[in-house]
Amino acid sequence: MSIQPTRRILVVDDEERVRLAVQRVLTEAGYEVFLAADGAEGLAMVQEHAPDLVLVDLMMPVMDGMEFLDQARRRYPDLTSVVITGFATLEKAVEAMKQGADDFLAKPFKPQDLRMVVERAFRRAATLQNISIEKSRTRALVASMRNGVLVVDAAGETALANPVLARLLGLTPEQMQGRPCAEVLPWPAVCECLDQAMHRRREELTQDDCRGQVSLGQGDDATYFQVTCAPFYDARRQPVGAVAVFDDITAWRRLDQYKNEFVSTVAHEIVSPLSAVLGQLQNLSKGLLGPLEEPQKELLGRARERLESIANLSKDLLDLSKIEAGVMGQAGRVDLAPLLKEAVDQLRGKAQDKGQSLELEMSGKLPEVMGVGEELQRVAVNLISNAVKYTPDGGQIAVRAQGGDGEVVLEVRDNGLGIPAEEQEAIFQRFHRVKNADTRHIPGTGLGLAIVKRVVESHGGRLELKSEPGQGSTFTLHLPSAPE
Ligand code: ADP
């Protein structure tokens, strides 16, 4: 528990009777009271006793109350004051309050009026002090953050920029102050994001709307930032500004790049010898080195299955790292039609082995899309091969593509196992597989849909999944069509 120091009040009044009456009431109320008979004496006592509150009569000889307040406040801008006034000088009291006095007390007053005004003045001073502490705390927090911070007001002008952000932009916080976002930031997308954060309804804002990545500089010298924007509101819950926080993620990106290079090197080193061993096992199984007994064939078959799963994992890892590094192939205009035919042809054998129907339907000529053909083909193969894998024998798989409304829509539908609702988000994460009695014996790496998601996002597209366990799944992919 903190012990409150006794609060000090200075009473400046030329009428001794009033001074003494005020002193008595306030001393009884537990305050420490000092008395001064005029403004000049009052100023000296302000200096000497540093009071928490000054009660000052407006009409005094030598130096009147206004003059006293003016001089006192020049030295102590935060001085809390209450003016005491006769009825005839009420206008002066109003004037004094306009100039910063906190309250006034009209003569004659009762002891309870005096106590009430003094308590109110202390309460107000405490609120103001809290606001000023809060403000200074926020400023210190923002200034000491290692992230860049920009606060804009409702008009999109800089209300506050911290030194980290200013330094990045080659400016000082003062140079940024009051200037429109578009003038101080080299990233129009961030200004748009701040604007959206303020003007969209709260419940309409998704996390993705408020996040994004931007970079400064080129090549090896580039710095990357994750930017998060959030609005703030007034008491009526109206947005009055927004904050953007810039998190430097350059080191993470480099690490990610090293990890990709590492994975791709390891995977590459595994794929080649594995393919050679698989080829040799195949020769053995076919009896090219002499006839085999049934148990030997079976053992070789199992060994091949195991090796194939390692080879598939290595291939998937290799593809994922190529896609993440953007080195899968050249970007350009892509005609999806031949690419889809080839993907379906690749999987027709597997579907036939399971007695499944596999249809490809393209209505009219598909518009071209912008992107990397190899990556888009990989997407189609992954989705169709999943449909084949996760649909029981005799099932139906349909691949449909059509253009319109500035996009191409590709749909891969099956009537297979389906995916439980609680897994429908997670299956797009690396290595996530649905584990249940139906899927346990189906081989896979858990990387296929992670690859699909990456490619679709990097092509500016989106992916939807509708699935019902026991009924089947439909993956629908929307890709923006290339400009005419
Ligand atoms: P993999 O098939 O190699 O396990 P994916 O990333 O392609 O990896 O798929 C992740 C998981 O999503 C699969 O393990 C499977 O459980 C589920 N899944 C994907 N496609 C389908 C589908 N068409 N029908 C049912 N489940 C599917």
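Right above here is the structure, for reference.
Residues numbered from 1 in each chain as written. Predicted model: local features only at pLDDT ≥ 70, side-chain atom pairs only at ≥ 80, totals over all residues. Heavy atoms only, no water.

Draft legend 1. Geometry of the sheet that holds strand E9 (residues 223–233). In space, the five strands of this open sheet follow the order E7-E6-E10-E9-E8, with antiparallel pairing throughout. Only two strands of the sheet have a single neighbouring strand rather than two, namely strand E7 (158–161) and strand E8 (211–216). Mean inter-strand twist for the sheet, computed between neighbouring axes without regard to direction, equals 25 degrees. (Pairing = 2+ DSSP bridges. Helix = DSSP H or I, 4+ residues; strand = E, 2+ residues; numbered from the N terminus. Axes fitted to C-alpha atoms, helices over the stretch in contact; angles between N-to-C directions.)

Draft legend 2. Structural view of helix H11 (residues 294–325). The terminal C-alpha atoms of H11 lie 46 Å apart, and with 32 residues this matches the ideal 46 Å at 1.5 Å per residue to within 8%. By the burial criterion, the buried members of H11 are Leu300, Leu307, Ala311, Ser314, Asp316, Leu318, Asp319, Leu320, Ser321, Ile323 and Glu324. Residues of H11 that are buried make contact with helix H10 (250–285), helix H13 (373–389) and helix H14 (448–458). At the exit of H11 stands Gly326, carrying a positive phi of roughly 70 degrees. (Expected span 1.5 Å × (residues − 1). Buried < 20%, exposed > 50% of the residue type's maximum accessible area, 1.4 Å probe, protein only. Contact = heavy atoms within 4.5 Å.)

Draft legend 3. Broad picture of the nonpolar core. Leu336, Leu358, Leu376, Leu383, Ile384, Ile427 and Phe475 are the most contacted members of the largest nonpolar core, which has 43 residues in total. When residues of this core are traced back to their parent elements, those giving at least two are H11, helix H12 (336–353), strand E13 (369–372), H13, strand E14 (396–404), strand E15 (407–414), H14 and strand E17 (472–480). For this core, the leading source of residues is H13, giving eight residues. Among the nonpolar cores identified, the runner-up in size contains 24 residues, and Leu150, Ala161, Cys181 and Ala242 belong to it. (Core = buried A, V, L, I, M, F, W, Y, C linked by side-chain atoms within 4.5 Å.)

Draft legend 4. Region of interest: empty space enclosed by the protein. One pass over the full model with this rule turns up one cavity of 30 Å³ or more. Volume-wise, the largest cavity comes out at about 60 Å³. Leu336, Leu339, Leu340, Leu376, Val379, Ala380, Leu410, Leu477 and Leu479 together form the lining of the largest cavity. Secondary structure elements with two or more residues in the lining of the largest cavity: H12, H13 and E17. Residues of the lining of the largest cavity, tallied by class, amount to nine nonpolar, no polar and no charged. (1 Å grid on protein atoms, 1.4 Å probe; cavity = no way out; pocket = protein on both sides within 12 Å on 5 of 7 lines; lining within 4 Å. Points joined across faces, edges and corners; volume = space filled by probe spheres on them. Nonpolar A, V, L, I, M, F, W, Y, C, P; charged D, E, K, R; others polar.)

Draft legend 5. Summary view of the packing of aromatic side chains. Under the counting rule described, the total for this entry stands at five aromatic pairs. One aromatic cluster is present, built from ring pairs that chain together Trp187, Phe225 and Phe246. Across from the ring centre of Phe122, 4.2 Å away, lies the NZ or CZ of Arg7, which sits over that ring. Taking the ring centre of Tyr224 as reference, the NZ or CZ of Arg253 above it sits at 3.8 Å. (Phe/Tyr/Trp six-rings, centres within 6.5 Å; stacked < 30°, edge-to-face > 60°. Lys NZ or Arg CZ within 6 Å of the ring centre and 35° of its normal.)

Draft legend 6. A look at the pattern of salt bridges. All chains considered together, the criterion is met by 21 salt bridges. Among the salt bridges present, the one from Arg302 reaches Glu298, with a minimum N-O distance of 3.2 Å. Of the two residues, Arg302 and Glu298 both sit in helix H11, four residues apart, roughly one turn of that helix. Note that Arg462 is salt-bridged to Glu464, the shortest N-O span being 2.5 Å. Note on Glu464: relative accessible area 31%, which makes it partly exposed. Within this structure, Asp13, Glu15, Arg17, Asp57 and Lys107 form a network of salt bridges that share partners. (Salt bridge = Lys/Arg side-chain N within 4 Å of Asp/Glu carboxyl O.)

Draft legend 7. Just the environment of Ser285, in detail. With respect to the helices, strands and loops of the structure, Ser285 is situated in helix H10. Measuring from C-alpha to C-alpha, the distance between Ser285 and Val245 comes to 61 Å, with 40 residues separating the pair along the chain. Residues within four places of Ser285 in sequence aside, it is in contact with Leu292, Lys297, Leu300 and Arg304.

Draft legend 8. Quick look at the layout of surface pockets. Computed from the structure, the second largest pocket encloses a volume of approximately 1,400 Å³. Taken together, 42 residues form the lining of the second largest pocket, with Arg253, Asp256, Asn260, Glu324 and Arg454 sitting closest to its centre. Across the lining of the second largest pocket, the residue classes tally to 13 nonpolar, 15 polar and 14 charged.

Draft legend 9. Expanded view of the site of the ligand. The environment of the ligand is made up of 19 residues, and the closest members are Asn386, Tyr390, Arg433, Thr445 and Leu449. At 2.8 Å from an oxygen atom of the ligand is found a side-chain nitrogen or oxygen belonging to Asn386. Summarising the interface, the protein chains cover 98% of the accessible area of the ligand, which totals 530 Å² for the free molecule. Among the elements of the structure, H13, H14 and E17 are those that each provide at least two residues to the shell around the ligand. (Near = heavy atom within 4 Å. Polar contact = N/O pair within 3.5 Å; in protein donor to acceptor, adjacent residues only side chain to side chain. Areas by Shrake-Rupley, 256 points an atom, 1.4 Å probe, with all protein chains shown as cover.)

Draft legend 10. Main features of the pairing of E14. Taken together, the seven bridges between strand E12 (residues 357–363) and E14 define a ladder with parallel strand orientation. By the bridge assignment for E14, Ser363 is matched with Gln402. As judged from the eight bridges shared by E14 and E15, these two strands associate in the antiparallel manner. Bridging from a neighbouring strand, Ala398 pairs with Arg413 of E15.

Draft legend 11. Just the sheet that holds strand E3 (residues 53–57), in detail. Reading across the sheet, the five strands line up as E2-E1-E3-E4-E5 and stay open at both edges, with parallel pairing between neighbours. Whereas interior strands pair on both sides, the edge strands pair on one side only; in this sheet they are strand E2 (32–36) and strand E5 (103–106). The mean inter-strand angle of the sheet, taken between neighbouring strand axes irrespective of direction, is 20 degrees. In this structure, strand E1 (residues 8–12) lies alongside E3, joined through four bridges in parallel fashion. Note on E3: the bridge partner recorded for Val11 is Leu55. Contacts from helix H1 (residues 16–28) reach E1, E2 and E3 within the one sheet, and its direction differs from that of E2 by about 170 degrees. In the packing of helix H3 (residues 65–75) onto the sheet, contacts are made with E1, E3 and strand E4 (80–85), and the angle to E3 comes to roughly 155 degrees.

Draft legend 12. Fine view of a nonpolar patch on the surface. Residues Phe262, Val266, Ile270 and Ile310 make up a contiguous nonpolar surface patch of about 340 Å² in total accessible area. Element by element, the count of residues in the nonpolar patch is highest for H10, at three residues. Checked against the element boundaries, Phe262 lands in helix H10. (Patch = residues over 30% accessible without salt bridge, like charges linked within 9 Å, V, L, I, M, F, W, Y side chains within 5 Å.)

Draft legend 13. Inspection of unusual backbone geometry at higher detail. For the peptide bond that leads from Lys107 to Pro108, omega is -10 degrees, which places it in the cis range. By the secondary structure assignment, Pro108 is in the loop between E5 and helix H5 (111–144). A positive phi angle, near 55 degrees, is found at Asp405, a position not held by glycine. Counting through the fold element by element, Asp405 comes out in the loop between E14 and E15. Here Phe431, not a glycine, exhibits a phi torsion of approximately 65 degrees, which is positive. Relative to the assigned elements, Phe431 resides in the loop between E15 and H14.

Any link to function would need more than the numbers given here.
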